[in-house]
Number of protein chains: 2
Amino acid sequence: MASITVKAPADFHVHLRQGGFSKLLAPHVRKGGFTLAYVMPNLKPPVTTTEQALAYKAELQKIEPNVEYLMTLYLSPDLTPDEVRKAKKAGIVGVKSYPRGVTTNSDGGIESYEVYYPTFEAMEQEDLVLNLHGEIPSDAGTNVCVLNAEPAFLPHLRKIHERFPKLRIVLEHATTRAAVEAVKACGPTVACTITAHHIALTVDDWAGQAWNFCKPVAKYPDDRQALREIIKSGHPRFFLGSDSAPHPAHTKSTATPAQSCAAGVYTSPILLPLVAHLLESFGALDRLEGFVSTFGRSFYKRELHEDNAAQVPTVVLKRVEGGELIKEGWTEGEQEVIPFWSGKKIDWVIDEEKSII
Amino acid sequence: MASITVKAPADFHVHLRQGGFSKLLAPHVRKGGFTLAYVMPNLKPPVTTTEQALAYKAELQKIEPNVEYLMTLYLSPDLTPDEVRKAKKAGIVGVKSYPRGVTTNSDGGIESYEVYYPTFEAMEQEDLVLNLHGEIPSDAGTNVCVLNAEPAFLPHLRKIHERFPKLRIVLEHATTRAAVEAVKACGPTVACTITAHHIALTVDDWAGQAWNFCKPVAKYPDDRQALREIIKSGHPRFFLGSDSAPHPAHTKSTATPAQSCAAGVYTSPILLPLVAHLLESFGALDRLEGFVSTFGRSFYKRELHEDNAAQVPTVVLKRVEGGELIKEGWTEGEQEVIPFWSGKKIDWVIDEEKSII
């Protein structure tokens, strides 16, 4: 194949950060071929109210108006059923739950779900989506660490789904075969995002290599295989959420004994070509449009309408002989980010002339 | 307890490197309370002949004469049965096997053991010790990665032990419960070294933290627990081999997308106080002398002889109220090393006045 056309790619899990850093990041969503970004709320302070989410959305629109931002709230005690209804009216799409302390800016994360049942009930009624960071905190006493934190979380997923069968739930950035199986076994209201980097990496790739280190960490080769298989099968409840999570370059590259490197892999500016490249590597290129657009749009009720087909963003990828070298980074003022796959080659690029984005 | 006396601590697995770097490192063996160092042969080029080993030993003795260096050869096709007999006559103690590509300078490592059976047979006859780096190379196709590379190696250990029951074998730097069980199940000719850092760390500690990254990587909390339990039980075939593996500080602290950080944790200069501190943390301080001296000496036939008791090196550790802060590093010319536990506190220090080292 010399070119591929993808209608309206949608990234259902992105970190666009805040302040000056956002100015660098928001335009990279489009650069990577996407015009829909499902925006994570883990800012400092976290986005816990409708007002905050709308203000954040306005800020992002000002930076890059040609992206549709779907906003989320950070699950916390502030999120009362009343606030849920208010959020729904204001166009907020989902609520993100972070277990305490497992990733960037998650110190305010939750410890148990039962206290949120009234909130979940309101969300179910209002049809807001619950986005789960599916890991439990490490605990040496019960042998929980970053490697099994996701499988250990899955009983929570099942329990919430059983209690709220109509609540739409997304298990975010799945990394294990166990997670894939758990989501498959759930009903049609439960979906799962998969990142680009987790279909490329295993634990060996981040052992000693800070640039491939993220949370959840990439797991065993067989886990990666499970992610690839479910994508290749074209299962409609498994779709892209990049979890593109930039950090200033120096916080990634340098570790002192007192300071670990930041967790996160940045894929936004190369996302669609990268996903095409990776899917092709395991024979799933024909699933590209489903994985990056239609499946997620369907679950999130953001389907394209053919009556305004002319306005539908369309990305054309063209194959590059010998591959396109991914550059070493981008800067904006004092901000610097270095993308995943930096210094390596990708077989596809966005055909700017033929694309409508 | 306010003080502890340990007779003749012996570190049965140390990397002393070569050239200018050795000048910084060899004195650190004594600084850490040890006067016996079992020296690894993975130099560039590897130490594969008796001549090389003797030259290396002379070099180390010149730098730091007050340490007993037990020398090893690097298992390779150069190691013929004749060379084994020559090595034995020259006082070489063991032969180290590295699977290809799994750790620092192991590109010349072995791929299968059967071809070495004539060598092993000569070693068995001559009573040379076989030191096994117990990991198989990663292979995504069979789901082998750094996390299960050690359990996947254990069938090799069993097979060699069955074929050569009188050959003394040491499984080096065990990190898993599976390895502990496998060694326990072997006969009295099979022993196991355990590092200081592997009784402190789990995977969470090196995820994103280059200074705790080493090969084999630290595993699950339950694996660490197994190491602690076997030490606490006072099993005589499990003893200290620090695998103290220094790298120039900049190669540890900095990772670029193209260059991972070096694998290795450096414990030599703080070793005995560190081990005391760690053993005390899980109630095994009474096992200190066995773990760091008598068990290993017994297996290696380097027992102390009481008839020359006056000459026996003796280290006295004293407790420090509030703990001793581990310094940030040492330099020698352009060489800089930063130790494990840098910036943290240890409850024990060597009492220089009362120690004979």
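Everything numeric in this text was worked out from a predicted model, so none of it was measured.

Rules behind the numbers
- Each chain has its residues counted from 1, running along the sequence as written.
- Numbering of ligands from 1 and lettering of chains from A proceed in the order in which they are written.
- Restriction of local features to residues with pLDDT of at least 70 applies here, the model being predicted, together with a cutoff of 80 or more for giving and counting side-chain atom pairs; totals for whole chains, interfaces and linings are based on all residues.
- Hydrogens are left out, water is left out, and the side-chain values use all remaining heavy atoms of the structure.
- Where helices and strands are cited, they refer to DSSP runs of H or I of at least four residues and of E of at least two residues respectively, numbered from the N terminus.
- Radius of gyration here uses only the C-alpha atoms, and the compact-globule reference equals 2.2 Å multiplied by the residue count raised to the power 0.38.
- Accessibility here uses a 1.4 Å probe with only protein chains present; expressed as a share of the type maximum, an area under 20% marks a residue as buried, one over 50% as exposed, and anything in between as partly exposed.
- The definition of a nonpolar core used throughout is a set of buried Ala, Val, Leu, Ile, Met, Phe, Trp, Tyr and Cys residues joined through side-chain atoms within 4.5 Å.
- Any two residues having at least one pair of non-hydrogen atoms within 4.5 Å are treated as being in contact.
- The quantity reported as buried area is the accessible area (1.4 Å probe) lost by two parts once they are put together, taken as the sum for both.
- Put simply, a salt bridge is a Lys or Arg side-chain nitrogen that is within 4 Å of an Asp or Glu carboxyl oxygen.
- Each residue gets one label: Ala, Val, Leu, Ile, Met, Phe, Trp, Tyr, Cys and Pro are nonpolar, Asp, Glu, Lys and Arg are charged, and the others, such as Gly, are polar.
- One less than the number of residues in a helix, times 1.5 Å, gives the span that helix is expected to have.
- A least-squares fit on C-alpha atoms brings the copies together, and the residues used are those whose pLDDT is at least 70 in both copies.
- Whenever a helix is involved, its axis is fitted only over the stretch in contact; in every case the axis is a line through C-alpha atoms, and angles between N-to-C directions fall within 0 to 180 degrees.
- Our angle categories are set so that under 35 degrees counts as roughly parallel, over 145 as roughly antiparallel, 65 to 115 as roughly perpendicular, and the remainder as oblique.
- Here, strands pair whenever DSSP counts at least two bridges between them.
- Here, the term disulfide refers to a pair of cysteine sulfur atoms separated by no more than 2.5 Å.

(A) Focus on the overall build of chain A. Tallying secondary structure elements over chain A gives 11 helices and 13 strands in all. Expected size for 357 residues packed as a compact globule is a radius of gyration near 21 Å; at 19 Å, chain A falls within 12% of this value. Principal-axis analysis of the C-alpha atoms places the extent of chain A at approximately 55 × 55 × 45 Å. Across the 357 residues in chain A, those meeting the buried criterion constitute 60%.

(B) Local environment of the nonpolar core. Membership of the largest hydrophobic core comes to 212 residues, with the highest contact counts inside it found for A:Phe120 and B:Phe120. Not counting chain neighbours up to four residues away, the residues in contact with A:Phe120 comprise A:Leu75, A:Tyr113, A:Leu130, A:Ile160, A:Phe164 and A:Leu167.

(C) Seen up close, the interface of chain A and chain B. Facing the 31 residues of chain A at the interface are 31 residues of chain B. With both sides pooled, the region where chain A packs onto chain B buries about 2600 Å², and carbon together with sulfur makes up 63% of that total. A per-residue breakdown of the area chain A buries against chain B is headed by A:Gly208, A:Tyr220 and A:Pro257, which together make up 21% of the total. Counting every contact that joins chain A to chain B gives zero salt bridges. Residue composition of the side of chain A that touches chain B, by class: 17 nonpolar, 11 polar and three charged.

(D) Spotlight on helix α11 (residues 288-299) of chain B. Residue and element names in this part refer to chain B. Relative to the 16 Å expected for 12 residues at 1.5 Å per residue, α11 spans 16 Å between its end C-alpha atoms, a close match to the ideal helical length. Inspection of α11 places Leu288, Gly290, Phe291, Val292, Ser293, Phe295, Gly296, Arg297 and Phe299 among the buried residues, and these make up the whole buried set. Looking one or two residues beyond α11, the residue adopting positive phi is Lys301, at roughly 60°.

(E) Molecular detail of the relation of the copies chain A and chain B. The two copies are related by a screw motion: chain A maps onto chain B through a turn of 180° and a shift of 0.0 Å along the axis, at an RMSD of 0.0 Å. Taken together, the rotation angle and the small translation identify this as a two-fold axis. When C-alpha positions in chain A are compared against the rotation axis, the closest is assigned to A:Thr254, at 2.3 Å. Most of the interface of chain A is mirrored in chain B, where 100% of its interface residues again form contacts.

(F) Here's a closer look at the packing of helix α10 (residues 271-281) of chain A against helix α11 (residues 288-299) of chain A. Residues and elements named next belong to chain A. Where α10 meets α11, the axes come as close as 9 Å, and the angle between the chain directions of the two elements is 140°. Considered as vectors, α10 and α11 are oriented oblique to each other. Only Leu288, Phe291 and Val292 of α11 make contact with α10, whose side of the interface consists of Leu272, Val275, Ala276 and Leu279. Classifying every residue of the contact of α10 with α11 gives seven nonpolar, no polar and no charged.

(G) Region of interest: the sheet that holds strand β10 (residues 314-325) of chain B. Residue and element names in this part refer to chain B. Read from one edge to the other, the open sheet built from three strands follows the order β1-β10-β13, with strand pairing classed as antiparallel. Sheet topology places β1 (3-7) and β13 (345-350) at the edges, where each strand pairs with a single neighbour. Going from strand to strand, the sheet's axes swing by 35° on average, the running direction of each strand aside. As judged from the five bridges shared by β1 and β10, these two strands associate in the antiparallel manner. If you follow Val6 over to β10, its bridge partner there is Val315. Against the sheet, α11 engages β1 and β10, with an angle of about 20° to β1.

(H) Broad picture of the state of the cysteines. The final tally for this structure, using the stated rule, is zero disulfides over all chains. Free cysteine A:Cys186: the closest other cysteine sulfur is in A:Cys192, separated by 9.9 Å. B:Cys261 takes part in no disulfide bond, and the closest cysteine sulfur to it belongs to A:Cys261, at a distance of 9.1 Å.

(I) Representation of the environment of B:Val146. Tracing the backbone through its elements, the reader meets B:Val146 in the loop between β6 (129-133) and α5 (149-163). Among the residues examined, B:Val146 registers a relative accessible area of 7% and is labelled buried. Not counting chain neighbours up to four residues away, the residues in contact with B:Val146 comprise A:Val203, A:Asp204, B:Glu135, B:Ser138, B:Lys215, B:Val217 and B:Lys219.

That's the geometry; what it means functionally is another story.
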